[in-house]
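Chains, contacts and geometry: an overview
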Amino acid sequence: MGERGRAVLAAALLGAALGACSVNGGQGSHGGMGGGSGGLGGTASASGSGGGPTDAPPLKLDAGTVAAGTVHMIVPAYWQPDSQWQRIIADAPTVGMIIFNPASGPGTATDPAYPPVIAQAQAAGIRVLGYVSTNYGQRAEADITADVNGYYSLYSPSGIYFAEGPTESDCDTLQPLYQRLASLVQSHDQKFVAIGTRYCPTFITFSDLMVEFAETYAMYQGYTSPSWMPGGSPQRFCHFVSEVPPDAAADVLSRALRLGAGWVYTTDGTAPNPWGALPSYYDQEVAALKALP
C-alpha cells in the first residue's frame, strides 16, 4: 500500500483506534521512533553528565495552541537507577513515562536496582516500559518474544516499547508480526504497547504510542511529520531528539509540539548512548512543559 493509500486508511481508522487501543489511565500513549524509523539504542550504564539541578536560564516555548493535559515528558532512562531516577519520579505527572533497558533488553536475571524504582515510578502514576529491539522487523520473532516474556518474568513493567520498527516498504509485510507482538504484551495485566516507526499508520489500531522520531538534532532540522499523521491526537505520538545544545532546546521542544507530538524528550547527550544520563537542562525542560496548559 502506498503512502496515499495509507493516509486515507489512517484517517478512517484513527477514530476506532482511539477507542480500541489499550490506553490505561487516560494519560496518553507512547510509540515508534526514528528519523527513518530508528530505535533508542544504548544500554544501562553508569551515570553520565546528568547531575543535580542547574541554574541555567528557563526555556521559553513557542508551541502554538496546546490542549490542556496533552503534553508529557517520556524519559529513555538507559542507565543504572540512581539519584537521577529519583529526580524523574519526583517530576510526575509532567513526566508520564520512563523506558528502561537493563541489558539491551531484560537480561537473564533480575537486576535488584530496578524493581524498587519501577514500583516507585508506577506508584507516582508513571508508566515504565521495557525496551525491546526489533531491528526493523528483521530480528527473529522468537528472540523478541523471549525479551518480552523476560521483562514480565524479571520485572513488572507497565508495557513494552518495540524499538526500531518497520521502514516504509515493510509496513504491510510486517504488520502480522507486530500484531502478534502487541497481542503478546496485551495478554499481560500491564499491557501498554509502543512501536518505533513513522511509516505504518495502520499500526495505530493495535498500539498505544508511535515513536516517530528518535535521532539527532542535525537530522531533526529537516524532519516533517508524515502526511498520514492525523491532527488532534498528540497523546499517540512521540519525538526523542538527541545532541540538542542548550540554546536550541526550546526551539526543538516547540517544534515537536507544533508537529503534533504529545510525548517529548530532548537531550544534549551524544553517541554512543545519548540516553545514558539526563540532559544538562533537564530541570528547565520539565519546567517548560509543566508551564503548558
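The following refers to the structure shown.

**Comments concerning the packing of helix H2 (residues 83–90) against helix H3 (residues 114–123)**
It is at 10 Å that the axes of H2 and H3 come closest, and there the two elements cross at 15°. Classified by the interaxial angle, the pair formed by H2 and H3 is roughly parallel. Crossing angle aside, the handedness with which H2 passes H3 is right-handed. Contacts from Trp85, Gln86 and Ile89 of H2 reach H3 at Tyr114, Val117, Gln120 and Ala121. Each residue belonging to the contact of H2 with H3 can be placed in one class, and the counts come to five nonpolar, two polar and no charged.

**Some words on the pattern of salt bridges**
Enumeration over the complete set of coordinates arrives at three salt bridges. Arg180 serves as the salt-bridge partner of Glu141, at 2.9 Å between the closest nitrogen and oxygen. Of this pair, Glu141 sits in helix H4 (residues 141–154) while Arg180 is found in helix H5 (residues 171–186), placing the two residues 39 residues apart along the sequence.

**A short note on the environment of Ala119**
The residue Ala119 is located in helix H3 in this model. The partly exposed category is assigned to Ala119, whose relative accessible area is 43%. Taking C-alpha positions, Ala119 is 10.0 Å from Ser158, a pair spaced 39 residues apart along the chain.

**A short note on the pairing of strand E5 (residues 192–195)**
Both faces of E5 are covered, namely the face carrying Phe192 and Ala194 and the face carrying Val193 and Ile195. Pairing of strand E4 (residues 159–163) with E5 involves four bridges; the strand directions are parallel. When the sheet's bridge partners are listed, Phe162 is paired in E5 with Ile195. You can see the chain leave E4, run along H5 and come back into E5, and the turn it takes is right-handed. Of the strand pairs in this sheet, E5 and strand E6 (residues 209–216) are connected by two bridges, and their pairing is parallel. Bridging across to E6, Ile195 finds its partner in Met210.

**Overview of the state of the cysteines**
In total, this model carries one disulfide according to the counting rule given. Between Cys171 and Cys200 runs a disulfide, and the two sulfur atoms are separated by 2.2 Å. Note on the Cys171 and Cys200 pair: the S-S dihedral is about -80°, so by sign convention the disulfide is left-handed. With Cys171 in helix H5 and Cys200 in the loop between E5 and E6, the pair connects residues that are 29 residues apart, well separated along the chain.

**Some thoughts on the nonpolar core**
Core analysis: the largest hydrophobic core is formed by 88 residues, its most contacted members being Val75, Ile88, Tyr161, Phe162, Leu209 and Phe240. The element that contributes the greatest number of residues to this core is H5, accounting for eight residues. If we ignore the near neighbours within four places in the chain, the residues touching Phe162 are Val132, Thr134, Ile144, Val148, Leu181, Ala182, Val185, Val193, Ala194, Ile195 and Gly196.

**Observations regarding the packing of aromatic side chains**
In this description, a pair of aromatic rings is defined by centroid distance and the angle of the planes. On inspection of all chains with the given rule, the structure shows 17 aromatic pairs. Pairwise contacts between aromatic rings join Trp85, Phe100, Tyr114, Tyr151 and Tyr155 into one cluster. Of note, Arg255 hangs over the ring of Tyr220, and the distance from its end group to the ring centre comes to 5.1 Å.

**Points about the packing of H4 against H5**
At a minimum axis distance of 10 Å, the contact between H4 and H5 shows a crossing angle of 15°. By the angle between their axes, H4 is roughly parallel relative to H5. Note on packing geometry: the crossing formed by H4 with H5 is right-handed. Counting all contacts with H4, which are made through Glu141, Ile144, Thr145, Val148, Asn149 and Tyr152, the residues of H5 involved are Leu177, Arg180, Leu181, Leu184 and Val185. Split by residue class, the contact of H4 with H5 holds seven nonpolar, two polar and two charged.

Definitions and cut-offs
Residues numbered from 1 in each chain as written. Predicted model: local features only at pLDDT ≥ 70, side-chain atom pairs only at ≥ 80, totals over all residues. Heavy atoms only, no water. Axes fitted to C-alpha atoms, helices over the stretch in contact; angles between N-to-C directions. Helix = DSSP H or I, 4+ residues; strand = E, 2+ residues; numbered from the N terminus. Parallel < 35°, antiparallel > 145°, perpendicular 65-115°, else oblique. Left-handed = near helix turned anticlockwise from the far one by under 90°. Contact = heavy atoms within 4.5 Å. Nonpolar A, V, L, I, M, F, W, Y, C, P; charged D, E, K, R; others polar. Salt bridge = Lys/Arg side-chain N within 4 Å of Asp/Glu carboxyl O. Buried < 20%, exposed > 50% of the residue type's maximum accessible area, 1.4 Å probe, protein only. Pairing = 2+ DSSP bridges. Right-handed = clockwise from strand over helix to strand, strands pointing away. Disulfide = S-S within 2.5 Å. Core = buried A, V, L, I, M, F, W, Y, C linked by side-chain atoms within 4.5 Å. Phe/Tyr/Trp six-rings, centres within 6.5 Å; stacked < 30°, edge-to-face > 60°. Lys NZ or Arg CZ within 6 Å of the ring centre and 35° of its normal.

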